[in-house]
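Observations on chain architecture
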Amino acid sequence: MSATAAQQTASRNALAQASTAGRRIAPTWPLDQLIAVNPWWEMRDEALPEVAARVALLGHAEGHMPRGWFREQFPRVISRASLDTAAAEAAAGFSAEDLIAWLSGEDNPVHWRNFSDQVDSLRDLERSVSWHDEIIHQISQFCASFYSAGTPLPAEPDRCLYEAWLDSVRKDRGIEIMMGARGLHREFEALPETAEALLEEASAELRLPAEAITDYFHALLLDVNGWASWVAYRRWQANLAGGSDDAMPQLLAVRLAWELALWRHQHAVNHEGIELVARQWQQQFERLPELLARHRQLQQPAWIWQRAAELSYQRALHKELLEAEPAALEIPRPSLQVALCIDVRSEVFRRALEAQDPGIQTIGFAGFFGLPIAYAPKASSYKRPQLPGLLPPALTVTETADGDADEERATSLNRSARWSAISRAAPAAFGYVESVGLAYAFKLLRESVFGADPDHPVNSGTCKHEHHHYTLSDAEGELDALAQAGLVAGILGAMTLTERFAPVVILAGHGSSTRNNPHAAGLDCGACGGQTGELNVRVLAQVLNDSDVRALLASDHGIEIPNDTRFVAGLHDTTTDDLSCLTDLPEDGSDIQGWLHAAGESARRERSAALGVDRAKADKAIRERSRDWSQVRPEWGLAGNACFIVAKRSRVKTINLHGRSFLHDYDWEADARNGYPVLELIMTAPMLVTHWINMQYNLSVIDNERYGSGNKVLHNVVGGNLGVFEGNGGDLRIGLPMQSLHNGERWMHDTLRLSVYIDAPAEAIAEIASRHEVVRQLIDNDWLYLFRMDDERGEISQLHSGEWRAAA
């Protein structure tokens, strides 16, 4: 095909290629529903090293830890034996000695340069703002005003993004002054009026070859990856609701319009000087396969070291799993059962609680407790999801309380939401303090000197009534007892809690307590959509205590709950490690309160070292951290997460997993009778959520500039809840703040891919993996490891490409 024909083809297919490039961008959730996401999720159909190489080339991102990190780990953490094994597996011609020598070398990668980057080579960047920085700043500020609500700039989500930007940039003559680019406004005036026309016109004029256009479009989106991720979130939510809202081609058109305008402007004012730069830029397209191959080659030693690090962790864990002494035989009836989230922070508390009495049984289950709900208080327009971001809510929960509590509650929620948006919006911050005057100044002084009760910017004001009732409804109306029984029967089955009920069963959601923390929701329950699990456990406890529901559970589902069993809603505060009962315990519940208190003390002492807190003063110091509005790391969240174990609790009860493992209770023998529906649910929901968490932490460490949110001391909230800027500009920041990952001296999270361990028959695991493309992609493309624990043979095997093999 001739060059002209190739350009025409690229022009005709520009919109389709824009959509293809846009589908490589993963969503980011807003601050009030903040959950962990794998930033490379939409590229899971390719091998992880391939994705890392492409993003490194096109987006100048880091795809792996630097040589210095591996050097610090070897041989103290990464063993020589693991390095030998990893080198042999790779079959890339590297000996262990070659890899050790590589640690002292340097990389010299060649990165893709967008046209604006190429033009910057002509500017004196010591005295002038770069075109790259100005473009990102202008687009980012525009997107903030376009999508923000509750700020001086009105939101325009129903207006075409590109057309709104074009109208805005044509009125902005300040760009010419800032950049010393007289006449640039004429290029904006000449731009096409629609995104579709812009994509086609720019593709033709910039002479974009068809075979490289998708990667080029991807590179442009990576320039504004934060806002691209926000647009992807809107697309994700629309898809969950069965609709469509894909503004990604619009955002891409905005970024491409800058390339076209700059191309035209430079050719108009610097025709001779720009020709060489333009040719150099266009020659990149011919070299794109070569450049990508070079990045793969440069990263290959790092991936061998990465595998060696993971092997070292896995081998130590395998030894513990295979040598663990079985837990004591289950007693006929536990004295207390406590169900907690599978969150790694629960692992520490579970061990501490089980140590209080042999009659205590803990259960690990997804923190939304299987309730596919959205919460909608009566007399209010407020509504929020309380389930994983992967799923749409199927039910709505409304709440009623005594007297006039409904009306007061709605008023409180709406007022809180309005003031929260005003006080947290960066443009309004100073006006907010002026408006509330000395009263707010006094509040700041009081909190600075004396501290304050911990709060939550999202959940404060909700679920505070002790005596209230919840109504569950679907599209057809309120659920009756029969429907509720069917719902909770499935939940109890998935929890492996269908018999041997204790007199008290505490259903413990979890949440955090911090001050002055825009990312507070990220410390709460990801399974509850970045909320605390308080609402979910209150609703589930109410349903399970209902006598009509219990009767139907017994008659229709064979689940008999003793009359003396009471389900109690609880909340595990992961910042302070207090587990509070939200509904009443029996009158003789003093032992339970004592156990919970002692478990909290034990968990705080265990966590104190990582927080830099004196163990002897842990109780007081950790609670004070939760109330300190200047505290940048009240807890470590899920830092350190490395594995997900799906098995009976007795299988790992005697192992100290050091708060690094997600734990989901599972009984394969009970599940086998029904064809493994619980196993399928675990592998297609909790396993994906834990992978998202693991990859968000990994990439926030590997490249905090692009996949983390930087220094939280410099954060300004954008639009009330969209995200944060670091300072007053730049791209929208996604991912975790540096202070959530680094203690000032070292990283607190090791960037290991998630290792999943399942106690179930090999055939059942492999069959489920083969039927679900997403699961198969994660396994076969090396995004996670999937192992099976075989106690009969005393071995652990790994699934890959549909085949089981002995773990290395």
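Residues numbered from 1 in each chain as written. Predicted model: local features only at pLDDT ≥ 70, side-chain atom pairs only at ≥ 80, totals over all residues. Heavy atoms only, no water.

1. A few points about the overall build of the protein chain
Definition in use: The helix count covers DSSP runs of H or I at least four residues long, the strand count covers runs of E at least two residues long, and both are numbered beginning at the N terminus. Relative accessible area decides the class of each residue, using a 1.4 Å probe on protein chains only: under 20% of the type maximum gives buried, over 50% gives exposed, and in between gives partly exposed. Any pair of residues with heavy atoms lying within 4.5 Å of one another is described as a contacting pair. Residue exposure ignores everything except the shown protein chains as possible cover, and the areas themselves are Shrake-Rupley values with a 1.4 Å probe.
A count of helices and strands for the protein chain gives 31 helices and 18 strands. The buried share of the protein chain, reckoned over its 808 residues, is 56%. Long-range contacts, defined as pairs at least 24 residues apart, comprise 74% of the intrachain contacts of the protein chain with a sequence gap of at least 6. Accessible surface for the protein chain amounts to roughly 33,100 Å². Of this, 50% is attributable to carbon and sulfur atoms.

2. Describing the confidence of the model for the protein chain
To be explicit about the condition: On a scale of 0 to 100, pLDDT captures the predictor's confidence in every residue.
When the pLDDT values of the protein chain are averaged, the result is 90; 89% of them are 70 or greater. Low pLDDT, under 50, characterises residues 150-155; the predicted model gives this stretch 14 contacts beyond four residues in sequence or across chains. Every residue in residues 412-436 is under pLDDT 50, and counting partners more than four places away or in other chains gives 26 contacts.

3. Here we look at the packing of aromatic side chains
The criterion, for reference: Stacked, tilted and edge-to-face are the three classes assigned to paired rings of Phe, Tyr and Trp, where Trp is represented by its six-membered ring and a pair needs centres within 6.5 Å; plane angles under 30 degrees give stacked, over 60 edge-to-face, the rest tilted.
One pass over the structure, following the stated rule, counts 32 aromatic pairs. With centroids separated by 6.0 Å and ring planes inclined at 35°, the aromatic side chains of Tyr162 and Trp165 adopt a geometry described as tilted. Linking Tyr162 with Trp165, this pair stays in helix α9 (residues 161-170), spanning three residues, or about one helical turn. On the basis of relative accessible area, Tyr162 is assigned to the buried category, the value being 0%. Owing to a relative accessible area of 0%, Trp165 belongs among the buried residues under this scheme. An aromatic cluster is present here, built from Trp29, Trp41, Phe142, Phe146, Tyr147, Trp227, Trp230, Tyr233, Trp236 and Trp692 joined pairwise through their rings.

4. Quick look at unusual backbone geometry
Residue Pro75 is bonded to the preceding Phe74 through a cis peptide linkage, with omega at -5°. Structurally, Pro75 is set in the loop between α4 (67-73) and α5 (80-90). Its identity as a non-glycine residue notwithstanding, Ala91 has a phi of 50°, on the positive side. On the basis of relative accessibility, which here comes to 67%, the residue Ala91 falls in the exposed class. One non-glycine residue, Ser801, lies in positive phi territory at about 55°.

5. Remarks on the packing of helix α27 (residues 677-684) against helix α28 (residues 686-702)
Filter applied, for reference: Simply put, an axis is a line fit to the C-alpha atoms, just over the touching stretch for a helix, and the angle between two N-to-C directions goes from 0 to 180 degrees. Geometric relationships in this document are graded by angle, where less than 35 degrees denotes roughly parallel, more than 145 denotes roughly antiparallel, 65 to 115 denotes roughly perpendicular, and other angles denote oblique. Each residue gets one of three labels, nonpolar for Ala, Val, Leu, Ile, Met, Phe, Trp, Tyr, Cys and Pro, charged for Asp, Glu, Lys and Arg, and polar for the others, Gly among them.
Relative to each other, α27 and α28 sit at 20°, their axes nearing to 3 Å. In terms of orientation, α27 lies roughly parallel with respect to α28. Residues Leu681, Ile682, Met683 and Thr684 of α27 form the contact with α28, whose own contacting residues are Pro686, Met687 and Leu688. Looking at the contact of α27 with α28 residue by residue, the class counts come to six nonpolar, one polar and no charged.

6. Description of the pattern of salt bridges
Heads up, the rule is: The rule for a salt bridge is simple: a side-chain nitrogen of Lys or Arg has to be within 4 Å of a carboxyl oxygen of Asp or Glu.
Scanning the entire structure with this criterion turns up 47 salt bridges. A salt bridge links Glu89 to Arg307; its shortest N-O distance comes to 2.7 Å. Placement of Glu89 in helix α5 and of Arg307 in helix α16 (residues 271-323) is noted, with a sequence separation of 218 residues between them. In this structure, the salt-bridge partner of Arg788 is Asp790, at a minimum N-O distance of 3.1 Å. The pair formed by Arg788 and Asp790 is uniform in burial state, with each residue classed as buried. If you follow the salt bridges from partner to partner, you end up with Arg24, Glu46, Arg54 and Asp215 in one network.

7. Overview of the nonpolar core
Note the cut-off: The term nonpolar core refers to a set of buried residues drawn from Ala, Val, Leu, Ile, Met, Phe, Trp, Tyr and Cys, joined through side-chain atoms within 4.5 Å.
One finds Trp40, Trp165, Phe217, Trp227 and Leu507 to be the most contacted residues of the largest nonpolar core, which totals 220 residues. The element best represented in this core is α16, accounting for 18 residues. When neighbours within four sequence positions are excluded, Trp40 is seen to be in contact with Leu48, Val51, Ala52, Val55, Glu62, Gly63, Met695, Leu699, Tyr707 and Trp783. Grouped together as the second largest cluster of nonpolar side chains are 19 residues, Val338, Leu340, Leu579 and Ala599 included.

8. A look at the environment of Gln73
Mapping Gln73 onto the fold places it in helix α4. On the basis of relative accessibility, which here comes to 8%, the residue Gln73 falls in the buried class. Along the backbone, Gln73 and Trp305 are 232 residues apart, and their C-alpha atoms lie at a distance of 10.0 Å. Setting aside anything within four residues of it in sequence, one finds Gln73 in contact with Ile78 and Asp750.

9. Describing the sheet that holds strand β9 (residues 566-573)
Formally: Here, a strand pair is defined by DSSP locating no fewer than two bridges between the strands.
Reading across the sheet, the five strands line up as β2-β1-β8-β9-β10 and stay open at both edges, with mixed pairing between neighbours. Unpaired on one side and paired on the other, β2 (360-365) and β10 (578-581) mark the two borders of the sheet. Strand-to-strand twist across the sheet, computed as the mean angle between neighbouring axes with direction ignored, equals 25°. Bridge analysis of strand β1 (residues 336-341) against β2 gives six bridges, and the strand direction is parallel. Across the sheet, residue Ala339 finds its bridge partner in β2, namely Ile363.

10. What about the side chain of Ser661?
Assignment of secondary structure puts Ser661 in strand β12 (residues 661-665). Judged by relative accessible area, which is 0%, Ser661 ranks as buried. When sequence neighbours within four positions are dropped, the list of residues in contact with Ser661 reads Ile342, Val344, Glu347, Cys643, Phe644 and Ile645.

11. Side note on the sheet that holds strand β17 (residues 795-800)
Spatial ordering of the open sheet is given by β12-β11-β15-β16-β17-β18, a layout of six strands whose pairing is mixed. Sheet topology places β12 and β18 (803-806) at the edges, where each strand pairs with a single neighbour. The sheet shows a mean angle of 25° between the axes of neighbouring strands, direction not considered.

12. Quick look at the environment of Asp791
We count it as follows: N or O atoms within 3.5 Å of each other form a polar contact, as long as, within protein, one can give a hydrogen and the other can take it, and as long as residues adjacent in sequence are counted only when both atoms are side-chain atoms.
Relative to the helices and strands, Asp791 is located in the loop between β16 (785-790) and β17. On the accessibility criterion, Asp791 (45% relative accessible area) is partly exposed. Sequence separation between Asp791 and Arg651 is 140 residues, and the spatial gap between their C-alpha atoms is 9.6 Å. Setting aside its immediate chain neighbours within four residues, Asp791 contacts Arg651 and Asp759. Of the polar contacts made by the side chain of Asp791, one reaches the side chain of Arg651; its length is 2.7 Å.

13. Things to note about helix α24 (residues 618-627)
Let me state the cut-off plainly: Throughout, the arc means the angular range of directions from the helix axis out to the C-beta atoms.
Those residues of α24 that fall on the buried side of the exposure criterion are Ala618, Ile622, Arg625 and Ser626. Projected down its long axis, α24 shows its buried positions confined to an angular sector of 100°, all on one face.

14. Observations regarding the pairing of β2
Using the following cut-off: Handedness of a crossover is defined as follows: orient the strands so they point away from the viewer, and if the path from the first strand over the helix to the second runs clockwise, the crossover is right-handed.
Most of β2 is tucked away: five of the six residues are buried. What joins β1 to β2 is helix α17 (residues 344-354), and the crossover it makes is right-handed.

15. With respect to the pairing of β17
With five of six residues buried, β17 is to be regarded as a mostly interior element. Pairing analysis gives five bridges linking β16 to β17, with the strands arranged antiparallel. By the bridge assignment for β17, Met789 is matched with Ile796. The loop that links β16 with its antiparallel partner β17 comprises four residues; one of these, Gly794, has a positive phi angle of about 65°. As paired strands, β17 and β18 are joined by four bridges and run antiparallel to one another. Across the sheet, the residue bridging to Ser797 is Ala806, located in β18. Taken together, β17 and the strand that follows it, β18, pair antiparallel across an intervening segment of two residues, in which Ser801 is found at a positive phi of about 55°.

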